[in-house]
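Notes for the structure review
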Amino acid sequence: MTSRTRTPGLRSLLFAYRGTIMPVIWRRVLYTVLLSMVVAVLDLHYGWFGAGLNATPLTLLGLTLAIFLGFRNQVAYQRWWEARMLWGELITIARDLARQIQAFLPHMDGTVRATLMGMLIAFAHTLRHHLRGTDPSAELGRWLSPRLAEETLAAPNRPAYILHRMGPALADAARSGQADPILLANMDLKLSQLSHVLAGCERISGTPIPFSYILLLHRSVHVYCFFLPFCLVGLMGWFTPVVVAILAYTFFGLDALGDQIEDPFDIMPNDLPIDAYATTVQNDMLALLGDR
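Rules behind the numbers
- Residues numbered from 1 in each chain as written.
- Predicted model: local features only at pLDDT ≥ 70, side-chain atom pairs only at ≥ 80, totals over all residues.
- Heavy atoms only, no water.
- Axes fitted to C-alpha atoms, helices over the stretch in contact; angles between N-to-C directions.
- Helix = DSSP H or I, 4+ residues; strand = E, 2+ residues; numbered from the N terminus.
- Parallel < 35°, antiparallel > 145°, perpendicular 65-115°, else oblique.
- Left-handed = near helix turned anticlockwise from the far one by under 90°.
- Contact = heavy atoms within 4.5 Å.
- Nonpolar A, V, L, I, M, F, W, Y, C, P; charged D, E, K, R; others polar.
- Core = buried A, V, L, I, M, F, W, Y, C linked by side-chain atoms within 4.5 Å.
- Buried < 20%, exposed > 50% of the residue type's maximum accessible area, 1.4 Å probe, protein only.
- Patch = residues over 30% accessible without salt bridge, like charges linked within 9 Å, V, L, I, M, F, W, Y side chains within 5 Å.
- Areas by Shrake-Rupley, 256 points an atom, 1.4 Å probe, with all protein chains shown as cover.
- Salt bridge = Lys/Arg side-chain N within 4 Å of Asp/Glu carboxyl O.
- Phe/Tyr/Trp six-rings, centres within 6.5 Å; stacked < 30°, edge-to-face > 60°.
- Polar contact = N/O pair within 3.5 Å; in protein donor to acceptor, adjacent residues only side chain to side chain.
- Expected span 1.5 Å × (residues − 1).

Comments concerning the packing of helix α2 (residues 22-44) against helix α9 (residues 211-236)
Relative orientation of the contacting elements α2 and α9 amounts to 25°, with a least axis distance of 9 Å. One finds that α2 runs roughly parallel with respect to α9. Seen along the crossing, α2 lies across α9 with a hand that is right-handed. Taken together, the residues of α9 that come into contact with α2 (itself represented by R28, Y31, T32, L35, S36, V39, A40, D43 and L44) are H222, C225, F226, P229, F230 and V233. Residue classes in the contact of α2 with α9 are distributed as 10 nonpolar, three polar and two charged.

Some details on the nonpolar core
Judged by nonpolar contacts, the single largest core of 54 residues is most densely connected at W87, L90 and L127. Breaking this core down by element, the ones donating at least two residues are α3 (56-104), α4 (110-132), α5 (137-143), α6 (146-154), α7 (158-176), α8 (181-206) and α11 (274-288). Considering each element in turn, this core owes the most residues, 12 residues, to α3. In this structure, W87 is in contact with A124, L127, R128, L131, C201, F265, I274, Y277 and A278, ignoring residues within four places of it in sequence. I25, C225, F251 and F252 belong to the second-largest nonpolar core, a separate cluster that totals 19 residues.

Thoughts on the packing of α4 against α8
Axis separation between α4 and α8 bottoms out at 11 Å; the angle between their running directions is 10°. Here α4 lies roughly parallel to α8, going by the angle between them. Contact with α4, carried on its side by L120, F123, L127, H130 and L131, involves L194, V197, L198, C201, E202 and S205 of α8 and no other residues of that element. Here the contact of α4 with α8 is composed, by residue class, of eight nonpolar, two polar and one charged.

A word on a nonpolar patch on the surface
Where nonpolar side chains cluster on the molecular surface, the patch consists of L235, M236, F239, V242 and I246 and spans about 530 Å² of accessible area. At the level of elements, α9 and α10 (240-262) are the ones that each hand at least two residues to the nonpolar patch. Inspection of the secondary structure assignment puts F239 in the loop between α9 and α10.

Quick notes on the packing of aromatic side chains
One pass over the full model with this rule turns up eight aromatic pairs. Taking the centre distance of 5.5 Å and the plane angle of 20° together, the rings of Y77 and W80 count as stacked. Highlighted residues: Y77 and W80, both in helix α3, separated by three residues, approximately one helical turn. Here Y77 falls in the partly exposed class, since its relative accessible area comes to 45%. Cluster of aromatic residues (ring-pair linked, three or more members): Y77, W80 and W81.

Regarding the side chain of H125
With respect to the helices, strands and loops of the structure, H125 is situated in helix α4. Using a relative accessible area of 4% as the deciding quantity, one classes H125 as buried. One polar contact links H125 to R128, side chain to side chain, over a distance of 3.0 Å. With sequence-adjacent residues up to four places away left out, H125 is seen in contact with E139, W143, A278, T279 and Q282.

Overview of α4
The end-to-end C-alpha separation of α4 is 33 Å, in line with the 33 Å expected for 23 residues at 1.5 Å each. Between the side-chain oxygen of the N-cap and the backbone nitrogen of T111 there are 3.0 Å, and the N-cap of α4 in question is D109. Immediately downstream of α4, the backbone of G133 shows phi near 70°, a positive value.

Describing α7
The end-to-end C-alpha distance of α7 is 27 Å, a good match for the 27 Å that 19 residues give at a rise of 1.5 Å each. Of all the positions in α7, only P159, Y161, I162, L163, M166, L170, A171, A173 and A174 are classed as buried. Looking at the packing, one finds that the buried side of α7 touches α3, α4, α5, α6 and α8. You can read the cap of α7 off the contacts: a side-chain oxygen lies 3.2 Å from the backbone nitrogen of A160, and it is on N157.

Observations concerning the pattern of salt bridges
Tallied over the entire structure, the rule returns 11 salt bridges. Here R95 makes a salt bridge to D284, at a shortest N to O gap of 2.6 Å. Of the two residues, R95 is situated in helix α3 and D284 in helix α11; the sequence distance between them amounts to 189 residues. With relative accessibility at 41%, the residue R95 sits in the partly exposed group. Note that K190 and D96 form a salt bridge whose closest N and O atoms lie 3.5 Å from each other. Within this pair, whereas K190 is found in helix α8, its partner D96 is found in helix α3, the two being separated by 94 residues in sequence.

Pasting the structure below:
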């Protein structure tokens, strides 16, 4: 995810390129602008489109298209924000669970404590890979024992398997430390909450916006931008390419932006920085262990 200052300067506002939607849509915008230039030359110099096209249907289509794009992007943003809330909840739960282990089980063996913290770190990294369909072998080999890492790689749902193994490990450590049963129940609740986070992320990742709806929007945007120069050349004259560029940037940009944030766990510039979230969990756990 690309971050910027809250109050960007005028130069950054007008000419920023990295992290914007332009790398995705510039070919489409350029094609539309070149088409509008050809239409302007043919009409204003050779009079090919002297009668012109009525802009009224284009206005009605643009209004309808803007409403549908706004609705689609609102749905996509809701998915993006829910994913952000789930990862924020994961960070909070991991911190609470680590704090309880540190505060209420002070006599726990250091190796056992490091094992439990490592499982929390491995869960965060494995969830990241699980949502993106990538290989978590490097993180599993770093934070889990060789045997547990091998078993986790063989599991159909790796984050869920880590939680499954973490429950008995946490219970054994709490009982050996003569922890209060209420504390043990509270720790088990934290694991259930982590399972809820996993299920919520899987729901977002596994339930895309219906393809037929997205296809209809894509086609409508391309048709609308294609007919823009033919309908505007009679009104705008030689300014037609400029107006077409602005409108094409707006509609193509909204369309592409909805595509990006629809899957908030991807690696596009406007997706969530879940690598950084997993690293936050890792750093917090290591800090509690005294490892800087």
